[in-house]
Amino acid sequence: MSYMEHKMIAVTAPSGAGKTTIVKNLMQVFPNMAFSVSATTRPKRPHEVDGKDYFFLSNRAFKEKVANGDFVEWEEVYPGIFYGTLKSEILRVQSMGKVVIFDIDVKGAVNLKREFRERCLTIFIKPPSIDTLRERLENRHTEDAKTIQKRIDKAAFELSYENKFDVTLINDELESALLNSKKIVKTFFNLKLPL
Ligand code: 5GP
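First, a word on scope: everything that follows refers to the structure included in this document. (Residues numbered from 1 in each chain as written. Predicted model: local features only at pLDDT ≥ 70, side-chain atom pairs only at ≥ 80, totals over all residues. Heavy atoms only, no water.)

1. A short note on the overall build of the protein chain
Then comes step 1: Across its full length, the protein chain carries 7 helices and 9 strands.
Then comes step 2: Computed over its C-alpha atoms, the radius of gyration of the protein chain comes to 16 Å, within 12% of the 16 Å expected for a compact globule of 195 residues.
Then comes step 3: On the principal axes, the C-alpha backbone points of the protein chain span a range of 45 × 40 × 30 Å.
Then comes step 4: For the protein chain, the residues scored as buried account for 46% of the 195 residues in total.
Then comes step 5: Surface exposure of the protein chain reaches about 10300 Å², of which carbon and sulfur atoms provide 52%.
Then comes step 6: Mean positive and mean negative side-chain charge positions of the protein chain (31 and 26 charges, respectively) differ by 3 Å. (Helix = DSSP H or I, 4+ residues; strand = E, 2+ residues; numbered from the N terminus. Rg over C-alpha atoms; globule rule 2.2 N^0.38 Å. Buried < 20%, exposed > 50% of the residue type's maximum accessible area, 1.4 Å probe, protein only. Areas by Shrake-Rupley, 256 points an atom, 1.4 Å probe, with all protein chains shown as cover. Lys, Arg positive; Asp, Glu negative; His and termini not counted. Charge placed at Lys NZ, Arg CZ, Asp CG, Glu CD.)

Rendered as structure tokens:
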């Protein structure tokens, strides 16, 4: 069976909207889902594990993979910093008989949707406001002030992508956002595909 024939879920949002929390929770609730580990050229954060959170690559190694056609999609998410979804990851997850879940930026999610159509449900997580987003990024203590400002500017732009996705989930109160995300995924799993 080709990897096109399986259901997939892409969770996207402006950075800091809480999508990683939602993705992790969905994987706990639905054991038939597994994470597609992306490749990136950004430096590893202290708590991250190579091969589990990301494949941390040099610029050169990343470019080689682009040239080899190893990515389904890739983006320069921040200036000079690249992220991409490896075809081999999709196949790895699907060969375990699992549904792939992606944690991906808005442009990447649009590209996955274009590629996989109705097989890939795209969920847009929306922060209640830009101010809340700033607070969350500051409380995470993983980025400096300049990086946070860059992410805020980018978020304002990314919010304009909302209508390109299948569903919007407002992450105001985490518990209800988690509950709603479960309902959305359950409904998608019950859909007969192709439509
Ligand atoms: P972070 O560096 O905070 O882990 O992620 C930064 C952004 O890159 C997030 O919006 C994340 O979802 C996105 N991202 C992670 N992996 C991929 C990928 O494979 N492709 C694309 N286009 N974006 C990704």
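2. Overview of the site of the ligand
Then comes step 1: Near the ligand you find 17 residues, and of these Ser38, Arg42, Tyr54, Glu73 and Tyr83 are the closest.
Then comes step 2: Within the side chain of Lys19, one N or O atom sits 3.0 Å away from an oxygen atom of the ligand.
Then comes step 3: Asp103 is positioned such that a nitrogen or oxygen atom in its side chain is 2.7 Å from an oxygen atom of the ligand.
Then comes step 4: Using a 2 Å cut-off from the grid points, one finds that the ligand occupies the largest pocket.
Then comes step 5: Where the shell around the ligand is concerned, the elements lending two or more residues are strand S5 (71-78), strand S6 (81-86) and strand S7 (99-104).
Then comes step 6: Each residue belonging to the shell around the ligand can be placed in one class, and the counts come to 5 nonpolar, 4 polar and 8 charged. (Near = heavy atom within 4 Å. Polar contact = N/O pair within 3.5 Å; in protein donor to acceptor, adjacent residues only side chain to side chain. 1 Å grid on protein atoms, 1.4 Å probe; cavity = no way out; pocket = protein on both sides within 12 Å on 5 of 7 lines; lining within 4 Å. Sits in = over half its atoms within 2 Å of the grid points. Nonpolar A, V, L, I, M, F, W, Y, C, P; charged D, E, K, R; others polar.)

3. What to know about the side chain of Arg45
Then comes step 1: Among the structural elements, Arg45 can be located in the loop between strand S3 (38-40) and strand S4 (54-56).
Then comes step 2: If we skip the residues at most four places from it in the chain, Arg45 touches Arg140, Thr142, Glu143 and Arg151. (Contact = heavy atoms within 4.5 Å.)

4. Some remarks on the sheet that holds strand S2 (residues 33-35)
Then comes step 1: Taking strand neighbours across the sheet as the criterion, the 5 strands line up as S2-S7-S1-S8-S9 in an open arrangement whose pairing is parallel. The strands lining the two open edges of the sheet, one partner per strand, are S2 and strand S9 (167-170). Ignoring strand direction, the axes of neighbouring strands in this sheet form an average angle of 25°.
Then comes step 2: In this structure, S2 lies alongside S7, joined through 3 bridges in parallel fashion. (Pairing = 2+ DSSP bridges. Axes fitted to C-alpha atoms, helices over the stretch in contact; angles between N-to-C directions.)

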